[in-house]
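Commentary on secondary and tertiary structure
Chain by chain, the residues:
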Amino acid sequence: MNHLFVDNLTVIDFAYLDHDRGLVGESWIVDIVLAGELDEQGMVFDFGSVKRTIKQVIDERVDHRLVVPADRAGAQLREHGDRVELEWPVADGSVITHGSPVEAVLPLPGERVVPSAVSKLLQDELRAVLPGNVTGIEVNLREEVIEGPYYHYVHGLKKHLGNCQRIAHGHRSRIQIQRNGARDQALERAWAKRWQDIYVGTEEDVTARFVEDDVSYLTFAYEANQGEFSLTLPANRVCLIDTDTTVELLAAYLADACKQQFPNDDIQVKAFEGVGKGAIALR
């Protein structure tokens, strides 16, 4: 038996629903191991095909989707033609609701979203597209090792031409803040705590504000190229900003807030969007 591996094949940026944490943004690095007999080229599978074929399956099935544990008690997931509506009860008594085209949501067997369940789903999907000489597939999902503060955030980019337009996709992201050329770890920790499991929403996308069972809610909704999207969240799980929520504008938002706190200092914010990419803002 021969084995072929590709580490860091891609990064899955997505969001999922959790009983305790609510709506969570996540980024998982993907490593692949394939086992099988050598083909006529003396290969298990051509590296170029690995990157093209496997990445396409991963992007279509999980990346930039909202992953919902299908067996969670009390959760309601209803499909109506090409749309899906869901209600998700959170442990604190609040409820999260979401509506979108069906391709923006991935129901996952189980009561919680864990890497092993997503790996199994992807392995099952890949068996259908890999050649017959490939007899073993391992999809290993892991978080980036981050030394320093980080946060999980979810957002939607209605103007995006790709899958970022989906109203609930997210990232696990580090943050680096410098004041006068030196890292300010206290500021980094403060923002990581403030944006722990946060939804960063755009003010112009708010379509309703209401109180139900003593919980204040915000509803976001917009129409994008892929269709109509809506999301209702407890207000205490939202950071509302005046602009869109691209990483460039989030870096600017953070830099402006730090500059307001320290008006006489030079500020640099390096805000990450998942793994290995992001934006820098100077003030």
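Each chain carries its own residue numbering, running from 1 in the direction its sequence is written. Predicted model: local features are reported for residues with pLDDT of at least 70 only, side-chain atom pairs are reported and counted for 80 or more only, and whole-chain, interface and lining totals are derived from all residues. The side-chain numbers reported here are obtained from all heavy atoms of the structure, hydrogens and water having been left aside.

1. Quick look at the overall build of the protein chain
Helices and strands together make up the secondary structure of the protein chain, namely four helices and 18 strands. Two things to know: the radius of gyration comes from C-alpha atoms, and the globule rule equals 2.2 Å times the number of residues to the power 0.38. For 283 residues, the compact-globule formula gives about 19 Å, and the C-alpha radius of gyration of the protein chain, at 20 Å, lands near that figure. Judged by the C-alpha coordinates and their principal axes, the protein chain covers about 65 × 50 × 35 Å. Contact between two residues is taken to exist if any of their heavy atoms lie within 4.5 Å; hydrogens are not considered. In the protein chain, 64% of the contacts between residues at least 6 apart in sequence involve partners at least 24 apart. Here the Shrake-Rupley method, with its probe set to 1.4 Å, supplies the accessible areas, and only the displayed protein chains count as covering residues. Surface accessibility of the protein chain: about 13300 Å² in total, with carbon and sulfur atoms responsible for 47%. In this tally Asp and Glu are treated as negative and Lys and Arg as positive; neither His nor the chain ends contributes. Note that the charge is assigned to NZ on lysines, CZ on arginines, CG on aspartates and CD on glutamates. Between the mean site of the 29 positive side-chain charges and the mean site of the 45 negative ones, the protein chain shows a separation of 4 Å. Each helix is a run of H or I in the DSSP string that is no shorter than four residues. Each strand is a run of E no shorter than two, and both are numbered from the N terminus.

2. So, the nonpolar core
Membership of the largest hydrophobic core comes to 30 residues, with the highest contact counts inside it found for Leu34 and Ile54. Going through the elements one at a time, β1 (2-18), β2 (22-36), α1 (47-61), β7 (105-108), α2 (115-127) and β8 (134-142) are the ones with two or more residues in this core. Element by element, the count of residues in this core is highest for β1, at six residues. Note on terminology: a nonpolar core comprises buried Ala, Val, Leu, Ile, Met, Phe, Trp, Tyr and Cys residues joined through side-chain atoms within 4.5 Å. Using a 1.4 Å probe on the protein chains alone, a residue whose accessible area is under 20% of its type maximum counts as buried, one over 50% counts as exposed, and one in between counts as partly exposed. Counting residues in hydrophobic clusters, the runner-up holds 25 residues, among them Leu17, Val90, Ile96 and Ala224.

3. A word on the sheet that holds β1
Strands sit in the order β7-β3-β1-β2-β8 across an open sheet of five strands; the sheet is mixed. Among the strands making up the open sheet, the edge pair consists of β7 and β8. Adjacent strand axes in the sheet meet at a mean angle of 40°, parallel and antiparallel pairs treated alike. Here, a strand pair is defined by DSSP locating no fewer than two bridges between the strands. Of the pairings in the sheet, the one linking β2 to β8 comprises eight bridges and is antiparallel in character. Counted as the bridge partner of valine 33 is glutamate 138 from β8. Fitted lines through C-alpha atoms serve as axes, helices being fitted only where they are in contact, and the angles separating the N-to-C directions of these axes extend from 0 to 180 degrees.

4. Quick word on the pairing of strand β10 (residues 169-179)
Most of β10 sits inside the fold, with eight of its 11 residues counted as buried. Relative to β10, strand β9 (residues 150-155) is paired through six bridges, and the arrangement is antiparallel. If you follow valine 154 over to β10, its bridge partner there is glycine 170. Direction of pairing for β10 relative to strand β17 (residues 267-272): antiparallel, over a ladder of five bridges. When the bridges of β17 are listed, glutamine 178 appears paired with glutamine 268.

5. Section: the pattern of salt bridges
Salt bridge, as used here: a side-chain nitrogen of Lys or Arg that lies within 4 Å of a carboxyl oxygen of Asp or Glu. Tallying each qualifying case throughout the model produces 23 salt bridges. Between arginine 61 and glutamate 125 there is a salt bridge, and its shortest N-O distance comes to 3.2 Å. Placement of arginine 61 in helix α1 and of glutamate 125 in helix α2 is noted, with a sequence separation of 64 residues between them. Note on arginine 61: relative accessible area 22%, which makes it partly exposed. Here glutamate 125 falls in the partly exposed class, since its relative accessible area comes to 31%. When the shortest N-O distance is used, the salt bridge between glutamate 85 and arginine 83 registers 3.4 Å. Its relative accessible area of 26% is what places glutamate 85 among the partly exposed residues. With relative accessibility at 22%, the residue arginine 83 sits in the partly exposed group. Residues joined in a network through salt bridges with shared partners are Lys158, Lys159, Glu204, Asp205 and Asp244.

6. Regarding the state of the cysteines
A disulfide bridge is the covalent bond that connects two cysteines by way of their sulfur atoms. The definition used for a disulfide is geometric: two cysteine sulfur atoms within 2.5 Å. For the structure shown, the criterion picks out zero disulfides. Unpaired in terms of disulfides, cysteine 164 finds its nearest cysteine sulfur in cysteine 239, a separation of 19 Å. We note that cysteine 239 lacks a disulfide partner, and the nearest cysteine sulfur, in cysteine 258, lies 12 Å from it.

7. Structural notes on unusual backbone geometry
Here histidine 64, not a glycine, exhibits a phi torsion of approximately 60°, which is positive. The residue histidine 64 is located in the loop between α1 and β3 (66-69) in this model. On the basis of relative accessible area, histidine 64 is assigned to the buried category, the value being 11%.

8. A short note on the packing of aromatic side chains
Ring pairs shown here join Phe, Tyr and Trp side chains whose ring centres sit within 6.5 Å, with only the six-membered ring taken for Trp; geometry is labelled stacked below 30 degrees between planes, edge-to-face above 60, and tilted in between. Enumeration over the complete set of coordinates arrives at 10 aromatic pairs. Plain terms: the ring middles of phenylalanine 14 and tyrosine 16 are 6.1 Å apart, the flat faces sit at 35° to each other, and that makes the pair tilted. You can call phenylalanine 14 buried: its relative accessible area is 0%. In this structure tyrosine 16 comes out as buried when scored by relative accessible area, which is 7%. Ring centres 6.1 Å apart and planes at 15° place the aromatic pair tryptophan 195 and tyrosine 253 in the stacked group. Of the two residues, tryptophan 195 is situated in the loop between α3 (185-194) and β12 (198-202) and tyrosine 253 in helix α4 (residues 247-261); the sequence distance between them amounts to 58 residues. The exposure class of tyrosine 253 is partly exposed, given its relative accessible area of 25%. Ring pairs connect the aromatic residues Tyr151, Tyr153, Trp191, Trp195 and Tyr253, which therefore count as one cluster. Lysine NZ or arginine CZ positioned within 6 Å of the ring centre and within 35 degrees of the ring normal marks a charge as sitting over the ring. In this structure, arginine 174 is placed above the aromatic ring of phenylalanine 272, and the distance from its NZ or CZ to the ring centre is 5.2 Å.

Any link to function would need more than the numbers given here.
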